[in-house]
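Notes for the structure review
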Amino acid sequence: MGVDRPVIGVSCYVEDVDRAPWVAQRSAVLPHGYVDHLERAGALVVVLPPRPDADDDLAAAVLARLDGLVIAGGADVEAARYGAPPHVTSQDPRPDRDAWELALARVSWTARMPVLGICRGMQVMAVAGGAALEQHLPDVVGNDEHCPAPAVWNRPVWSSAARSSNAGERWPVQVGEPIWSTTTETLSRDSAAVSIVS
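About the cut-offs
Residues numbered from 1 in each chain as written. Predicted model: local features only at pLDDT ≥ 70, side-chain atom pairs only at ≥ 80, totals over all residues. Heavy atoms only, no water. Helix = DSSP H or I, 4+ residues; strand = E, 2+ residues; numbered from the N terminus. Buried < 20%, exposed > 50% of the residue type's maximum accessible area, 1.4 Å probe, protein only. Contact = heavy atoms within 4.5 Å. Areas by Shrake-Rupley, 256 points an atom, 1.4 Å probe, with all protein chains shown as cover. Pairing = 2+ DSSP bridges. Polar contact = N/O pair within 3.5 Å; in protein donor to acceptor, adjacent residues only side chain to side chain. Phe/Tyr/Trp six-rings, centres within 6.5 Å; stacked < 30°, edge-to-face > 60°. Lys NZ or Arg CZ within 6 Å of the ring centre and 35° of its normal. Core = buried A, V, L, I, M, F, W, Y, C linked by side-chain atoms within 4.5 Å. Axes fitted to C-alpha atoms, helices over the stretch in contact; angles between N-to-C directions.

A tally of regular secondary structure across the protein gives 5 helices and 11 strands. Among the 198 residues that make up the protein, the fraction classed as buried is 37%. Counted over contacts in the protein with a minimum sequence separation of 6, partners at least 24 positions apart contribute 62%. Looking at the protein as shown, the accessible area adds up to about 11,600 Å², and 56% of this sits on carbon and sulfur atoms.

This is how it looks when you write it as structure tokens:
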């Protein structure tokens, strides 16, 4: 049969989807690009829809069967999850995804499992680790160049980020290739800050 292929779990939405002749059929929804890229890299992909009974024990049982995890992009993490009121521009909360993906992130960290967070996934990983998110970056940087319109890809917005290990100390860190973005978040934990593009 050949070499064992890694089994990678990918989080997703559960949405009402119309597919003639069915209307509003509850479906696990994930852009196929996630699956395609992982399969081309040699992985077997398992889609992990949110669960109403999500907790760390369930996440541990699922992750025990996987070799890695991708926390997919999507709506913002609910501000209450990191102790903040929602900004007026915040997207509607997705408590089903928040509960499930935060449990997956916490347990994968403890298990030292490889994890890739994409956009929202990076937010989830940060919040699971105790960080707070800056919900509306234009309030911080004074412009909205990073996101010209919903679902519109912008030019590269940053090729470096700011990172700190000591309160008040910041230095540039080269990220590498230009980062294409529709959203940008600033994460903070204690008095240290990390700016990332997601």
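This paragraph deals with the pairing of strand 1 (residues 7–11). For strand 1, a buried count of 5 out of 5 residues is recorded, marking the element as mostly surrounded by other parts of the structure. Where strand 1 meets strand 5 (residues 68–71), 3 bridges bridge the pair, whose relative direction is parallel. Along strand 5, the bridge assignment pairs Val10 with Val70.

All right, on to the side chain of Asp76 then. Along the polypeptide, Asp76 turns up in the loop between strand 5 and helix 3 (95–111). Of the polar contacts made by the side chain of Asp76, one reaches the side chain of Gln123; its length is 3.5 Å.

Time to look at the packing of aromatic side chains. Per the counting criterion, the structure on display carries 0 aromatic pairs. A cation over a ring is seen here: Arg97 above Tyr13, with NZ or CZ 4.1 Å from the ring centre.

Moving on, we come to the environment of Pro95. Positionally, Pro95 belongs in helix 3. For the pair Pro95 and Glu78, spaced 17 residues apart in sequence, the C-alpha separation works out to 7.4 Å.

Leu63, Leu69 and Leu104 are the most contacted members of the largest nonpolar core, which has 23 residues in total. Within the residue set of this core, elements represented by two or more residues are helix 2 (56–63), strand 5, helix 3 and helix 4 (120–128). If we ignore the near neighbours within four places in the chain, the residues touching Leu104 are Leu48, Ala59, Leu63 and Leu69. Judged by nonpolar contacts, the second largest core, of 10 residues, contains Ile8, Cys12, Val35 and Val70.

Once that is clear, we can look at the sheet that holds strand 6 (residues 115–117). Pairing is parallel in the open sheet, where 4 strands are placed in the order 4-1-5-6. Single-partner strands in this sheet number two, and they are strand 4 (44–48) and strand 6. Ignoring which end each strand starts from, the neighbouring axes of this sheet average 20° apart. Sheet topology note: the strand 1/strand 4 ladder contains 5 bridges and is parallel.

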